[in-house]
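# A look at the structure
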Amino acid sequence: QAVVTQEPSLTVSPGGTVTLTCGSSTGAVTSGHYPYWVQQKPGQAPRTLIYDTSNKHSWTPARFSGSLLGGKAALTLSGAQPEDEAEYYCLLFYSGAYVVFGGGTKLTVL
Amino acid sequence: EVQLVESGGGLVQPGGSLKISCAASGFTLSGSAVHWVRQASGKGLEWVGHIRSKTNNYATAYVASVKGRFTISRDDSKNTAYLQMNSLKTEDTAVYYCTRLTTVNTLEAFDIWGQGTMVTVSS
């Protein structure tokens, strides 16, 4: 089974910009992995922010954006807010059917 | 209100079985795939498996650690998906979430997530 890697933790200042990345043990992450970014706050269910690399749901704040960067999927937060403090998981599809989550990035806004 | 509601979690002994449900309300589940994801206490999210729609022949797929022990099914007449868990192990203890994979502007996307149901495997 593939392993999906994320930074364990990152810190960003309020109003600052931070980029979270998501790599795959099988090689470069491509659009064919349909990268997702899922946000989870303590005690809450997950919430999908980004799907298929860069697409946003209606509830996704405009300050979040997704992309492919240097062989990885990336989530960029521009203008961080205190409420953005959360765990962020990427997930990738393999062979169009199997899903693997990354270990998550704990984002602190401080 | 559009939502998914999991139910049926509880305490079960190692080696036992449990069937949990994922009921949709406010929309029709039949056209979407349903995925199950679990989270052990203090740990990350782990994909468990999925079931596709009737159009896709109700195809299923599972993570290796549950294959042969867990079965995902659905009853579209009840707008509900299920996760049957057999030969349960202590390491299956987790909150189990369901989420739907649906079409958003011609692309497939996970959108709605349930609130989760707790499954505890312990003697």
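Residues numbered from 1 in each chain as written. Chains lettered and ligands numbered in written order. Predicted model: local features only at pLDDT ≥ 70, side-chain atom pairs only at ≥ 80, totals over all residues. Heavy atoms only, no water.

### Quick look at the interface of chain B and chain A
- Across the contact, 25 residues belong to chain B and 22 residues belong to chain A.
- Buried surface at the junction of chain B and chain A, summed over both partners, amounts to about 1,800 Å²; 64% is from carbon and sulfur atoms.
- Between the two partners, chain B and chain A, sit zero salt bridges.
- At the junction of chain B and chain A, the tally comes to nine residue pairs in polar contact (both at pLDDT 80 or more).
- Residue contributions to the side of chain B that touches chain A peak at six residues, all from strand β10 (residues 107-113) of chain B.
- By residue class, the composition of the side of chain B that touches chain A is 14 nonpolar, six polar and five charged. (Contact = heavy atoms within 4.5 Å. Buried area = accessible area lost by both parts, 1.4 Å probe. Salt bridge = Lys/Arg side-chain N within 4 Å of Asp/Glu carboxyl O. Polar contact = N/O pair within 3.5 Å; in protein donor to acceptor, adjacent residues only side chain to side chain. Helix = DSSP H or I, 4+ residues; strand = E, 2+ residues; numbered from the N terminus. Nonpolar A, V, L, I, M, F, W, Y, C, P; charged D, E, K, R; others polar.)

### Examining the environment of B:P14
Residues and elements named next belong to chain B.
- Among the structural elements, P14 can be located in the loop between β2 (10-12) and β3 (18-25).
- In this structure the C-alpha to C-alpha distance between P14 and Y82, which are 68 residues apart in sequence, comes to 20 Å.
- Those residues in contact with P14 that lie beyond four places of it in its chain are L88, T90, V121, S122 and S123.

### Observations regarding the sheet that holds strand β1 (residues 3-7) of chain B
Residues and elements named next belong to chain B.
- Strand order across the open sheet formed by four strands is β1-β3-β8-β7, with antiparallel pairing between neighbours. A strand with exactly one partner marks an edge of an open sheet, and here the two such strands are β1 and β7 (70-75). Each strand axis lies, on average, 20° off the axis of its neighbour in the sheet, ignoring direction. (Pairing = 2+ DSSP bridges. Axes fitted to C-alpha atoms, helices over the stretch in contact; angles between N-to-C directions.)

### Topic: the sheet that holds strand β3 (residues 17-24) of chain A
Residue and element names in this part refer to chain A.
- Strand order in this open sheet of four strands is β1-β3-β8-β7, and the pairing throughout is antiparallel. Unpaired on one side and paired on the other, β1 (4-6) and β7 (64-69) mark the two borders of the sheet. Between one strand axis and the next, the sheet turns through 20° on average, direction left out of account.
- Sheet topology note: the β3/strand β8 (residues 72-78) ladder contains six bridges and is antiparallel. Its bridge partner being in β8, T21 is matched across the sheet by A74.

### Some words on the nonpolar core
- Ranked by internal contacts, the top residues of the largest apolar core, which has 46 residues, are A:F101, B:W36, B:L83, B:M85 and B:Y96.
- The element that contributes the greatest number of residues to this core is strand β9 (residues 94-104) of chain B, accounting for six residues.
- With near-sequence residues (within four places) excluded, B:L83 lies in contact with B:L18, B:K19, B:I20, B:W36, B:V48, B:F70, B:T71, B:I72 and B:Y96.
- Among the nonpolar cores identified, the runner-up in size contains 23 residues, and A:V4, A:V29, A:F64 and A:A86 belong to it. (Core = buried A, V, L, I, M, F, W, Y, C linked by side-chain atoms within 4.5 Å. Buried < 20%, exposed > 50% of the residue type's maximum accessible area, 1.4 Å probe, protein only.)

### Thoughts on the pattern of salt bridges
All names here are of chain B.
- Scanning the entire structure with this criterion turns up seven salt bridges over all chains.
- With a shortest N-O distance of 2.9 Å, D92 and R38 are connected by a salt bridge. On the criterion of sequence distance, the pair formed by D92 in the loop between β8 (80-85) and β9 and R38 in strand β4 (residues 33-39) is long-range, its members being 54 residues apart.
- Look at D92 and you get buried, because its relative accessible area is 0%.
- The exposure class of R38 is buried, given its relative accessible area of 6%.
- Of the charged contacts in the structure, one is a salt bridge between D92 and R69, with a shortest N-O distance of 2.7 Å. Here the residue D92 occupies a position in the loop between β8 and β9, and R69 occupies one in the loop between β6 (60-62) and β7, the gap between them amounting to 23 residues.

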